[in-house]
Amino acid sequence: MAQTVQELSDATDLKDFVHTGPGTLAGAYMRSFWQPIHLSQHLPAGRAVPVRIMSEDFTLYRGASGTPHLLAFRCAHRGTQLSTGWVEGDDLRCFYHGWKYNGSGQCIEQPAEPEPFCQRIRIKGYPVQEYLGLIFAFLGEGEPPAMPRYPVLEQDGVVDNRIQTLACNYFNRLDNSMDPIHVAFVHYFRRVGSQFRSGRMPSLEAEETDWGFTTMTQWPEGLEGENPLHHYVMPNAFLIRIESNEDRGVREHCSWRVPVDDEHHLSVNASCLLISGEQAEAFRTHRQTQRSQGMDASRSDPAQKGEAVLAGEMALDDAENDWNLYDVQDYVAQVGQGRVVQQANDHLGYVDLGVSLLRKVWARELAKLSKNEPIKVWQPELIASTVVGGRATRKG
């Protein structure tokens, strides 16, 4: 990196979690973890695409062998965007003058040069791995840590994936993940609002764990809510069990909130749907039909209706019967906070117990990083369960 972490600390507020571009402390922290950046199924062999993560641009391509590779955005020759070139075997050739790079970023051909100097040309290459139908990348310095595993997502079943882009900072969503109380208002208020007004509030617990945090919510009888157990995996993932009416099954579901830039982020979702046999085949056929009809894209993009609600052009009630209503509601709540939340202006209360804990631990870890002290190693593989006592999960 161009700056040391000490220089970053000198220039950065340790509570500045929202800025993750090059030269930021939170960005250095996020880059020390593997991040999901693309759906495996959307990158066929022989294809190259541009991707933008944490205000940096990259070139992602899949070679003929099926192996994905991640390189710098531009050719070292005269800066042309590399994703416009050709995949040849497991290498990538720039379309401007034909310079070719291998999967590590080493230039291996300069066809128009009478005296090639390939050995002196190398662009940045990044480690990538595929897991759960997603392509993960390590964008930090030095040797990457081991890829985190999520055993609850590796059970027998059907893996289902999608990616959303939301027009707000990723930390809007991280705060929301530590806020189970919002569910009863944002998603269920029409049915349970009167019970809240009568003072029947749920109790909330939040604690730091080996993987991040666990929140426990006790809902009074008759007050509708989610599965009481939520797991937040540091630095930016959220794990929950969902009972889905659409799928007629139970999902072990994980969402990663990955910054695109300071005002946009990806919500990368992987679910293990716990079905098998004919039910699994029927679901796969159903999903394929959705995708062939373009319905999968509308499912994964709540932005159009969310923006219409925020602009006053429609009401949330108008989306009551939409199949992605839950996503539209979250979009309105979180993008409605502003593209980048000014956390110093918040007035936190009892319902923000988890939010306060999240911010406290983030500040602690950034302080460690700024002093070159070891940051905590989080272990999502230790999560044994996502449900308490067989209690019903939320209806999706």
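Parameters at a glance
Along each chain, numbering runs from 1 in the same order as the chain's sequence is written. The model is predicted, so local features are restricted to residues of pLDDT at least 70 and side-chain atom pairs to those at 80 or more, both for listing and for counting; the totals for chains, interfaces and linings are taken over all residues. Excluding hydrogens and water, the side-chain values take into account all heavy atoms of the structure. By definition, any uninterrupted DSSP run of H or I lasting at least four residues is a helix, any uninterrupted run of E lasting at least two residues is a strand, and each is numbered from the N terminus. Only protein chains enter the accessibility calculation, which uses a 1.4 Å probe; a residue is then buried when its area is under 20% of its type maximum, exposed when over 50%, and partly exposed in between. Any two residues whose heavy atoms approach within 4.5 Å at even a single point are treated as in contact. Values of accessible area rely on a 1.4 Å probe in the Shrake-Rupley scheme; residue burial ignores everything except the protein chains shown. Every case where a carboxyl oxygen of Asp or Glu lies within 4 Å of a side-chain nitrogen of Lys or Arg is listed as a salt bridge. The criterion for an aromatic pair is that two Phe, Tyr or Trp rings (for Trp, the six-membered ring) have centres within 6.5 Å, with stacked assigned to planes under 30 degrees apart, edge-to-face to planes over 60 apart and tilted to the rest. We define a nonpolar core as any set of buried Ala, Val, Leu, Ile, Met, Phe, Trp, Tyr and Cys residues linked to one another through side-chain atoms lying within 4.5 Å. At least two DSSP bridges between two strands are needed for those strands to be called paired. For a helix, the expected span equals 1.5 Å multiplied by the residue count minus one. Axes here mean lines fitted to C-alpha atoms, for a helix over just the part in contact, with angles spanning 0 to 180 degrees between N-to-C directions. Any pair of N or O atoms that falls within 3.5 Å is considered a polar contact. Within protein, one atom must be able to donate a hydrogen and the other to accept it, and sequence-neighbouring residues count only if both atoms are side-chain atoms.

Asker: Any chance you could explain the overall build of the chain here in plain terms?
Answerer: Scanning the chain for helices and strands turns up 10 helices and 18 strands. With 396 residues in all, the chain has 53% of them scored as buried. Put simply, 60% of the contacts in the chain that link residues at least 6 apart link residues at least 24 apart. Looking at the chain as shown, the accessible area adds up to about 17,800 Å², and 49% of this sits on carbon and sulfur atoms.

Asker: I keep staring at the pattern of salt bridges and nothing clicks. Help me out?
Answerer: Applying the stated criterion to the full structure yields 19 salt bridges. Ionic pairing is found between Glu208 and Arg364, a salt bridge with its closest N-O pair at 2.9 Å. Of this pair, Glu208 sits in strand S13 (residues 203-208) while Arg364 sits in helix H10 (residues 353-370), placing them 156 residues apart in sequence. Judged by its relative accessible area of 30%, Arg364 falls in the partly exposed class. Two residues, Asp346 and Arg359, come together in a salt bridge whose shortest N-O distance is 2.8 Å. Here Arg359 lies in helix H10 and Asp346 lies in the loop between helix H9 (325-335) and H10, a separation of 13 residues in the sequence. Arg359 sits in the buried class, given a relative accessible area of 13%.

Asker: Just checking my understanding: could you explain helix H8 (residues 303-310) for this structure?
Answerer: Of all the positions in H8, only Ala303, Gly306, Ala308 and Val309 are classed as buried. Where H8 is buried, its residues meet H9. Remark: Gly312 follows H8 within two positions and exhibits a positive phi of approximately 80°.

Asker: Explanation requested: the side chain of Gln334 in the structure shown.
Answerer: Within the secondary structure, Gln334 sits in helix H9. Judged by its relative accessible area of 1%, Gln334 is buried. Those residues in contact with Gln334 that sit more than four places away from it in its chain are Cys168, Asn172, Arg173 and Asn176.

Asker: What should I look at first to understand the packing of aromatic side chains in this one?
Answerer: Two measures describe an aromatic ring pair: the distance that separates the ring centres and the angle between the ring planes. Overall, the coordinates contain 15 aromatic pairs when judged by the stated rule. Summarising the aromatic geometry, the rings of Trp86 and Phe95 are spaced 6.3 Å apart at their centres and angled 65° between planes, so their arrangement reads as edge-to-face. Assessed through its relative accessible area of 45%, Trp86 is described here as partly exposed. Note on Tyr150 and Trp256: the rings are 5.6 Å apart at their centroids and 80° apart in plane angle, and the pair reads as edge-to-face. Taken together, the residues span a long stretch of sequence, with Tyr150 in the loop between strand S11 (134-138) and strand S12 (158-166) and Trp256 in strand S17 (residues 249-261) at a distance of 106 residues. No difference in accessibility class separates Tyr150 from Trp256, as the two residues are buried. Through a chain of ring-to-ring contacts, the aromatic side chains of Phe17, Tyr29, Phe33, Tyr170, Phe171 and Trp362 assemble into a single cluster.

Asker: I would appreciate a short explanation of the nonpolar core in the present structure.
Answerer: Most often, soluble globular proteins have nonpolar side chains that are buried together. Ranked by internal contacts, the top residues of the largest apolar core, which has 60 residues, are Leu70, Met234, Trp256, Leu358 and Trp362. Top element by residues in this core is H10. It accounts for seven residues. Trp362 has contacts with Phe17, Ala26, Tyr29, Met30, Tyr170, Phe171, Leu174, Tyr232, Met234 and Pro235, leaving out every residue within four places of it along the chain. Counting residues in hydrophobic clusters, the runner-up holds 15 residues, among them Leu71, Leu82, Leu92 and Ile121.

Asker: What is the right way to look at the sheet that holds strand S3 (residues 56-62) in this model?
Answerer: Backbone hydrogen bonds hold the strands of a sheet together, and the pairing may be parallel or antiparallel. Taken together, the four strands give an open sheet; going across it, the order is S2-S3-S4-S9, and neighbouring strands pair in antiparallel fashion. Looking along the sheet, the strands with just one partner apiece sit at the ends: strand S2 (48-53) and strand S9 (125-126). As judged from the two bridges shared by strand S4 (residues 68-72) and S9, these two strands associate in the antiparallel manner. Residue pairing across strands places Leu71 opposite Gly125, the latter belonging to S9.

Asker: Which parts of the structure should I look at to understand H10?
Answerer: The periodicity of an α-helix, 3.6 residues per turn, causes residues three or four places apart in sequence to face the same way. Here H10 is 18 residues long and its end C-alpha atoms lie 26 Å apart, about the 26 Å a rise of 1.5 Å per residue gives. With 13 of its 18 residues buried, H10 lies for the most part within the structure.

Asker: Even after reading the chapter, I still don't get the sheet that holds strand S10 (residues 128-131), so can you show me in this structure?
Answerer: Taken in spatial order, the three strands make up an open sheet running S1-S11-S10, and their pairing is antiparallel. Looking at the sheet topology across the chains shown, the edges are occupied by strand S1 (34-39) and S10. Across this sheet, the average inter-strand angle for adjacent strands is 35°, counted without regard to direction. When S1 meets S11, the two strands line up antiparallel, connected through five bridges. Paired with Leu39 across the strands is Leu134, a residue of S11.

Asker: Where do I start with the environment of Ser255 in this structure?
Answerer: With respect to the element layout, Ser255 can be found in strand S17. Residues Ser255 and Ala270 lie 15 residues apart in sequence; the distance between their C-alpha atoms is 6.5 Å. Excluding its chain neighbours within four sequence positions, the residues that come into contact with Ser255 are Asn236, Ala237, Phe238, Ser267, Val268 and Asn269. At 2.9 Å, the side chain of Ser255 and the side chain of His253 are in polar contact. Within the structure, Ser255 has its side chain in polar contact with the side chain of Asn269 (distance 2.5 Å).

Asker: Explain the pairing of strand S18 (residues 264-273) here, please?
Answerer: The side chains of a regular strand alternate, first on one face of the sheet and then on the other. Here S18 lies mainly inside the structure; nine of its 10 residues are buried. Here S12 runs beside S18; their pairing, made up of nine bridges, is antiparallel. Residue pairing across strands places Val159 opposite Cys272, the latter belonging to S18. In this antiparallel pair of consecutive strands, S17 and S18, the connection spans two residues.

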